[in-house]
Amino acid sequence: MPLREIDRQLIDRCLRKEPGAWNDFVDRYMGLIYHVIHHVSHARSIVLSPADIEDIAAEIFLEIVDEDYAALRRFKGASSLPTYLTVVARRICVKEVIKRHREAELGHIQAHRSSVDEDASGEAEAIATAEEVERMLETLPERDAEVVRLYHLKYLNYRQIGKQLGIPENSVGPILAKARKRLRRTAEQRTG
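S.K.: Explain helix α1 (residues 5-15) to me, please; I cannot follow it from the model alone.
M.R.: Three or four residues apart is the spacing at which side chains of an α-helix point the same way, because the helix has 3.6 residues per turn. Residues of α1 that are buried: Asp7, Leu10, Ile11 and Cys14. For α1, the angular spread of the buried residues around the axis is 100°, confining them to a single face. A positive backbone phi angle near 60° is found at lysine 17, which sits one or two residues after α1.

Okay, here's the thing in structure tokens:
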């Protein structure tokens, strides 16, 4: 499908930074972006909160405007603009959903977003802090702790971790699995 004239004009207006152009762009494609987010979360069987959906939409729009609308400058018109934006939005959405899932595995989401309930004795529930996480990582061998940091906190993939640490890519998964087991045991001992 060729590029529609209305979309061509909208892209040109954004690239020229005309007043109101970005607002028109957002108004025109907000529904599409939200549709992509819902589709990705449904396809991956992940429930996103309204705040997560808003955050992911913001990340997508930030990517479009980043580096002086680089994403729009890369658009060559070989497809329709909605098709191109769907591909861009899906890529970012998948990355964000994976990132949030990894954070949840270590409990960061709950720690940052939970409200502190009071129990019968009036004591507040403990919330894991970054310092506690670091103390737990200190219980791991240095290499294992670094693999966990790079994967869960820096969001590197196995290949990047292997390259950075000088270890075979296929050893990263087993190291992570072993480290997670040890961290779970450590956490159970601290709460038990």
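S.K.: Would you mind going over unusual backbone geometry with me for this structure?
M.R.: A negative phi angle characterises most non-glycine residues, just as the trans form characterises most peptide bonds. Although it is not a glycine, aspartate 68 sits at a positive phi angle of roughly 60°. Note that aspartate 68 resides in helix α3 (residues 50-74). You will see that tyrosine 69, though not glycine, has its phi angle at about 60°, which is positive. Along the chain, tyrosine 69 falls in helix α3.

S.K.: Looking at this structure, I do not really get the nonpolar core. What am I missing?
M.R.: In summary, soluble globular proteins display a tendency toward joint burial of nonpolar side chains. Grouped together as the largest cluster of nonpolar side chains are 33 residues, with contacts concentrated most on Phe25, Ile37, Ile60 and Leu81. For this core, the secondary structure elements donating two or more residues are α1, α2 (21-43), α3 and α4 (81-105). If we ignore the near neighbours within four places in the chain, the residues touching isoleucine 37 are Leu48, Ile53, Ile56, Ala57, Ile60 and Cys93. Leu156, Ile161, Ile175 and Leu176 belong to the second-largest nonpolar core, a separate cluster that totals 16 residues.

The rules behind these values
Each chain has its residues counted from 1, running along the sequence as written. Confidence filtering applies because this is a predicted model: local features only for residues at pLDDT of at least 70, side-chain atom pairs given and counted only at 80 or more, and all residues used for totals across whole chains, interfaces and linings. Heavy atoms throughout the structure, all of them, feed into the side-chain values; hydrogens and water do not. The rule is simple: take the accessible area with a 1.4 Å probe, protein chains only, and divide by the maximum for that residue type; under 20% is buried, over 50% is exposed, in between is partly exposed. Numbered from the N terminus, helices here are DSSP runs of H or I no shorter than four residues, and strands are runs of E no shorter than two. Working note: the arc is built from the helix axis to C-beta atom directions. Among the buried residues, those of types Ala, Val, Leu, Ile, Met, Phe, Trp, Tyr and Cys that are joined through side-chain atoms within 4.5 Å form a nonpolar core. By definition in these notes, contact holds between two residues if any of their heavy atoms fall within 4.5 Å.

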